[in-house]
Amino acid sequence: MNTATLSSGSGILADWAVRGGLSLAGWGLQRATRRNDRDRQLGRLDARAAAEAALEERDALIRRAGYLPL
């Protein structure tokens, strides 16, 4: 088996490719973990529900004041 490189820069390019692939794989695993984290999903749902409730409360106050923005 011949281990000679094709050019002097091909070793550097291969190193970048391997490092890039490993970092991309690590990012994908972290993303999958975040997306499947039940506590984080429940927290987002609670935050969304609180925001919707606050918006409804604000709209009710505006309606009670008799002012409807365009």
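You'll find the structure just up there.
**A short note on the overall build of the chain**
Then, number 1: Scanning the chain from terminus to terminus reveals two helices and zero strands.
Then, number 2: For the chain, the proportion of its 70 residues judged to be buried stands at 0%.
Then, number 3: As displayed, the chain offers around 6,700 Å² of accessible surface, 59% of which is attributable to carbon and sulfur atoms.

**Remarks on the pattern of salt bridges**
Then, number 1: Across all of its chains, the model carries two salt bridges by this definition.
Then, number 2: Residues aspartate 15 and arginine 19 are paired through a salt bridge, measuring 3.1 Å at the closest nitrogen-oxygen approach. Of this pair, aspartate 15 and arginine 19 are both found in helix α1 (residues 10-35), four residues apart, which corresponds to roughly one turn of the helix.
Then, number 3: Classification of arginine 19 as exposed rests on a relative accessible area of 55%.

Conventions used here
Residues numbered from 1 in each chain as written. Predicted model: local features only at pLDDT ≥ 70, side-chain atom pairs only at ≥ 80, totals over all residues. Heavy atoms only, no water. Helix = DSSP H or I, 4+ residues; strand = E, 2+ residues; numbered from the N terminus. Buried < 20%, exposed > 50% of the residue type's maximum accessible area, 1.4 Å probe, protein only. Areas by Shrake-Rupley, 256 points an atom, 1.4 Å probe, with all protein chains shown as cover. Salt bridge = Lys/Arg side-chain N within 4 Å of Asp/Glu carboxyl O.

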